[in-house]
Amino acid sequence: MFEFHNPSAFLLLLLIPLLFLLRKLKIFSQITYPAVLADWNGKVFEWKGKLRQFFSVLARVLLAAAFILTIFAIADPVKVTQEKIYTTLGTDIIFVVDTSPSMAAKDVEGQYRINVAKNAISKIIREHDGFRYGVVTLGSEASVFVPPTANLDVFEKRLSDIEVGILGNGSAIGDGLSTAVCHLSTSSAPKKCIILLTDGENNAGAIHPETAAKLAAEKEIPVYIVGIGSKGTVPIEYKDPKTGKLYSGYLDSNFNSASLRQISHISNGKYFEVKTVDELSQALNYVTKTENIIQNYTYKTMETQYYKYLVLIAIFTAIFVWVLRRVFLKERVNFFYKKVIIFRTIFLGIAFIMLVLGYFGFTWGSYLAPVQKNGTSVSFVMDISNSMMAHDGPNQMTRLEASSIYAKKLLEKMDGTCVSVVLAKGDGIAAIPLTEDKIMIESLLDVLSPNLMTEPGTSLSKGILCAKDTFPDNFSSAGRIWVFTDGEETDGQLSQAFTECIKSGIPVTMIGFGAEKEVNVLAGDKKTYVKTALRSQSIMDAIESAGAKLKFFKIQTPVTYINSSEKGSAVKLLNQLSTISAGNQIVSYEAKPIPHFKMFLILSVLFFAFSYIFTEFDFRIVFAKWKKNKIIKTASALCIFTMFFTGCSNQVSQTLEGVYSFHQKQYRHSIANFKKSSQLAENEENQIQLDYSLYNLGTAYLSIGEDESAMKKFSQISSDADKNVKYGAFYNAGIIAYKNSQYEDAKKYFRKALEADNSRIDAKINLELSLQMLSGNGKQNETKTIPASDDKTNIPDIEKGVFERIKENDQKQWKNSESNQSPNLAEDY
């Protein structure tokens, strides 16, 4: 719905009738442009009265329209939408996509089977939010393309990279299914399932599909199989991604439906055979609805500003009016009005410049905005630069080996925490999006090497900024970055990266590896020896520099340094997570820029008004009338005396000052004003003003996180208070109770808020959320009391063998991405 942030701006529209009133009262004298024959320079005089009169009126109307549009822009129109943010886990789904050459057949409504499958997956993930999705591709072997993640942008980007033939010419269905089972085994999602999209039968790989189906059944992971395409002779065309050779012809399509049906039956899933796009969409919709669960969620308010569109129209309208008057109507500077018109032109020019500046929406300064989050997620930034190959770690291992082992040990203790992995060298690359797939993460940590990236140098800042981007805007968890490094960098931008993270409310912890004493290490060219050491002091200096830049923030997101060799360092890191356990709401602070477009637009309106005041207002006549008329003189003196000496009451002025400070994000100053206002209202026994002051005071306390003080002030509001005050007090009290997991109290407060004003949708939504939390709380607590079994000791030998093979295959995939470094890498140091 549309709303205005500053509806009071519409009062400026009164300036238009005021101008006509002042002209009617002869206080303003309208400027006219008399026709002077000299303007035609001796040419034939032609008046064209009606046409000129029409364009003259049109120019005035358009100028008024530009003025009105500017006022609407000052009112700041926004479109408000509610985005659903899930606070509990949903279902994890892994799509297993067949990439064998037969998927290039064009028999699904004239489209390639592989494209139809990718389009259907892309459509279904956008229609069913709350799930986490992953992709496994299969050919002659199987590979994890995307681990189960809630980052749909990363998912879709990698999904689009899937091509026919990227993993060979076979169909290792057993390997594909067992890979999906393996990577779902560490997920804490309440439900998991696999969707296999294929057009063939198992003819490659070392694992039989029925063995994989039994593993899935043991893990309670149903396998849904979708057979794509028709049987018989079908056209086929594809380019081999390895050789670039184009193949085309006809394929005898005759896949074994019985074997696919049996696999789905063993794993308690279902088999679908589809020949059209609609049938495929229906099959996927059936699976998502079947595997869907009830999730708790909240709403995030999203606002889209529209002031720029209004200002842009106003700018072009003003330009058109100028052209109309100066070119067509040929309004010239008449000698009688020369000074007046020059003044008007100057004021209108300044007004136009202010209008243009307002369009560009300049911002300066920032304020901290509280953001509610549920639980936490971590991004590992792994420094894989050549300095990490120095052998000064524990037992003479390299720093990179030490950081890999350290990270894996931390990972073992991070159950239920989503983790992403970023590789940092001369650049930063998000290797793994946020996921609970520990197997995927461990497979990468086991093969860390400088050869995974070819970019020379060390840019920890790019790695940190890349990690910051791995946390989606609509992600419910609070982000946290852990950087595993020796502190060596070649671009000197570390402090700037810290500053950006502090502004985004994302804490950063630097974990140091290596010794303070310098040692020799080979640079990337394998010839040049350079000196390297753990640069802990450089890290501390960068942290101090970032803090100094943002010292005006009263609440700063922490950036810390921990030496990995320090006793209890891992405990300190894990304590950062234990204080923000899943299910508990926390408040983080993000720095938001302060926009100043309204200031420029108000100045534009002001100078536009000056163009009339200083050119049409006759100060001499008005002053003469004022001097002669004693009544006017006395009334004016009384008005001035009243304005400057009487003013409004102290309590009202204190309240207005407090409201102004609150909107400027100066919460402490607003609290001081509201306290004075409430004290004055209490002394004067003004209950209405006291209720407003108490509500404002409680809201200010809530904004700085002092929940107890806020609740105390809300409780002091009288039962006879205005309905808007009562609604606001009960609603905010409900927010506090919900934030502190007191769902019974939250339910009570939101109901009272609706009793005060039953038309408010926010209270209805939050009441529903509180009821959902109450209904789900018992089950959640019951689940928490069940001890987790040790999968490593209870799984059968066959499962161990399969999972070990999957892990080896994952490591092989990472190693295949290594590149031979070019000889210019001596510029690393």
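The structure under discussion appears in the preceding block.
Just so it is clear, the structure is predicted and the values come from calculations on it, not from any experiment.

Draft legend 1. Looking closely at the overall build of the protein. A tally of helices and strands in the protein yields 28 helices and 23 strands. Looking at the protein residue by residue over its 829 residues, the buried ones come to 48%. Restricting the contact set of the protein to residue pairs at least 6 apart, pairs at least 24 apart contribute 79%. As displayed, the protein offers around 41,800 Å² of accessible surface, 56% of which is attributable to carbon and sulfur atoms.

Draft legend 2. How the structure looks around unusual backbone geometry. Positioned with a positive phi, N268 is a non-glycine residue whose angle comes to about 65°. Residue position: N268 is located in the loop between α7 (257-266) and β12 (271-274). Unlike most non-glycine residues, S741 shows phi in positive territory, near 65°. Note on placement: S741 falls in the loop between α24 (723-739) and α25 (743-756).

Draft legend 3. Just the side chain of D757, in detail. Relative to the elements of secondary structure, D757 occurs in the loop between α25 and α26 (761-784). In contact with D757, other than residues within four places in its own chain, are K723, N724 and Y727.

Draft legend 4. The sheet that holds strand β13 (residues 297-305), seen in detail. One open sheet holds the three strands; their spatial order is β1-β2-β13, and the pairing between them is antiparallel. The sheet terminates laterally at β1 (2-4) and β13, the two strands that pair on one side only. Strand-to-strand twist of the sheet, defined as the mean angle between neighbouring strand axes without regard to direction, takes the value 45°. The sheet contact formed by β1 and strand β2 (residues 77-86) spans three bridges and is antiparallel. Looking at β2, one finds that E3 is bridged to V78.

Draft legend 5. Looking closely at helix α6 (residues 209-218). Among all positions of α6, only P209, A212, A213, L215 and A216 are buried. Taken down its axis, α6 places every buried residue within 160° of arc, on the same side. Two residues or fewer after α6 comes E220, characterised by a positive phi angle close to 60°.

Draft legend 6. Representation of the environment of G734 within the structure. Mapped onto the elements of the fold, G734 is located in helix α24. As a C-alpha pair, G734 and A763 span 29 residues in sequence and 8.7 Å in three-dimensional space. With sequence-adjacent residues up to four places away left out, G734 is seen in contact with A746, Y749 and F750.

Draft legend 7. Fine view of a nonpolar patch on the surface. Taken together, the side chains of L312, F316, I319, W322, V323, V327 and F352 present a nonpolar region at the surface, about 650 Å² in accessible area. Structurally, the position occupied by V327 is in helix α9 (residues 307-328). The exposure class of V327 is exposed, given its relative accessible area of 53%.

Draft legend 8. The arrangement of the packing of helix α5 (residues 173-184) against α6 in detail. In the contact formed by α5 and α6, the axes pass within 7 Å of each other and the chain directions differ by 15°. When the interaxial angle is binned, α5 and α6 end up roughly parallel. Taken as a pair, α5 and α6 cross one another with a handedness that is left-handed. Only P209, A212, L215 and A216 of α6 make contact with α5, whose side of the interface consists of I173, G174, L177, S178 and V181. Partitioned by chemical class, the residues of the contact of α5 with α6 number seven nonpolar, two polar and no charged.

Draft legend 9. Main features of the pattern of salt bridges. Across all of its chains, the model carries 16 salt bridges by this definition. In this structure, R126 engages D153 in a salt bridge whose closest nitrogen and oxygen atoms are separated by 3.2 Å. Taken together, the positions of R126 in helix α3 (residues 113-127) and D153 in helix α4 (residues 152-160) put the pair 27 residues apart, joining distant regions of the chain. By relative accessible area, which is 57% here, D153 ends up exposed. Between E744 and K747 there is a salt bridge whose closest N-O contact spans 2.9 Å. Of this pair, E744 and K747 both sit in helix α25, three residues apart, which is roughly one turn of the helix. Given the relative accessible area of 45%, E744 is considered partly exposed.

Draft legend 10. Looking closely at the environment of P235. Summarising the element assignment, P235 is placed in strand β10 (residues 232-239). Taking the relative accessible area as the measure of exposure, P235 reaches 35% and is therefore partly exposed. Counting along the chain gives 14 residues from P235 to G249, while the straight-line C-alpha distance between them is 5.9 Å. Setting aside its immediate chain neighbours within four residues, P235 contacts A104, A105, K106, G249 and Y250.

Draft legend 11. Molecular detail of the pairing of strand β19 (residues 508-512). Counted residue by residue, β19 has five buried out of five residues, so it is predominantly covered. Burial along β19 is two-sided: V508, M510 and G512 facing one way and T509 and I511 facing the other are all buried. Pairing of strand β18 (residues 478-485) with β19, which is carried by five bridges, proceeds in the parallel orientation. Residue pairing in the sheet places V483 in a bridge with M510 of β19. A crossover connection joins β18 to the parallel β19 through helix α14 (residues 494-503); in handedness this β-α-β unit is right-handed.

Draft legend 12. Highlighting the sheet that holds strand β17 (residues 428-435). The mixed open sheet is built from six strands, whose spatial order is β17-β16-β15-β18-β19-β22. The two strands at the open ends of the sheet, each matched to only one other strand, are β17 and β22 (559-563). Neighbour to neighbour, the strand axes of the sheet diverge by 20° on average, direction disregarded. Pairing analysis gives five bridges linking β19 to β22, with the strands arranged parallel. When the bridges of β22 are listed, M510 appears paired with Y561. Contacting β15 (376-383), β16 (418-424), β18 and β19, helix α11 (residues 399-412) runs over the sheet at an angle of about 165° to β15.

Draft legend 13. Fine view of α5. With 12 residues, α5 extends 17 Å between its outermost C-alpha atoms, agreeing within 8% with the 16 Å of an ideal straight helix rising 1.5 Å per residue. Summarising burial for α5: 12 of the 12 residues are buried, a large majority. Residues I173, G174, D175, G176, L177, S178, T179, A180, V181, C182, H183 and L184 constitute the buried set of α5.

Draft legend 14. Main features of the nonpolar core. One finds F380, L423, W482 and F484 to be the most contacted residues of the largest nonpolar core, which totals 65 residues. For F380, the contacting residues outside a window of four places in its chain are A407, L411, M414, V419, S420, V421, V422, W482 and F484. Counting residues in hydrophobic clusters, the runner-up holds 36 residues, among them V97, A120, Y224 and I236.

Draft legend 15. Just the packing of aromatic side chains, in detail. Within this structure, the stated rule accounts for 31 aromatic pairs. Each ring, one from F380 and one from W482, has its centre 6.0 Å from the other, and the planes form 15°; the classification is stacked. Separated by 102 residues along the polypeptide, F380 in strand β15 and W482 in strand β18 bring together distant segments of the chain. Overall, the relative accessible area of 0% leaves F380 in the buried class. Ring geometry for F610 against F614: centres 5.4 Å apart, planes inclined by 75°, an arrangement best described as edge-to-face. Note that F610 and F614 are positioned in helix α17 (residues 597-616) at a spacing of four residues, about one turn of the helix. Accessibility expressed as a relative area gives 23% for F610, which makes it partly exposed. Joined through ring pairs, the aromatic side chains of F380, Y406, W482, F484 and F513 make up one cluster.

Calculation rules
- Residues numbered from 1 in each chain as written.
- Predicted model: local features only at pLDDT ≥ 70, side-chain atom pairs only at ≥ 80, totals over all residues.
- Heavy atoms only, no water.
- Helix = DSSP H or I, 4+ residues; strand = E, 2+ residues; numbered from the N terminus.
- Buried < 20%, exposed > 50% of the residue type's maximum accessible area, 1.4 Å probe, protein only.
- Contact = heavy atoms within 4.5 Å.
- Areas by Shrake-Rupley, 256 points an atom, 1.4 Å probe, with all protein chains shown as cover.
- Pairing = 2+ DSSP bridges.
- Axes fitted to C-alpha atoms, helices over the stretch in contact; angles between N-to-C directions.
- Arc of directions from axis to C-beta.
- Patch = residues over 30% accessible without salt bridge, like charges linked within 9 Å, V, L, I, M, F, W, Y side chains within 5 Å.
- Salt bridge = Lys/Arg side-chain N within 4 Å of Asp/Glu carboxyl O.
- Parallel < 35°, antiparallel > 145°, perpendicular 65-115°, else oblique.
- Left-handed = near helix turned anticlockwise from the far one by under 90°.
- Nonpolar A, V, L, I, M, F, W, Y, C, P; charged D, E, K, R; others polar.
- Right-handed = clockwise from strand over helix to strand, strands pointing away.
- Expected span 1.5 Å × (residues − 1).
- Core = buried A, V, L, I, M, F, W, Y, C linked by side-chain atoms within 4.5 Å.
- Phe/Tyr/Trp six-rings, centres within 6.5 Å; stacked < 30°, edge-to-face > 60°.

In short, geometric facts, not functional conclusions.
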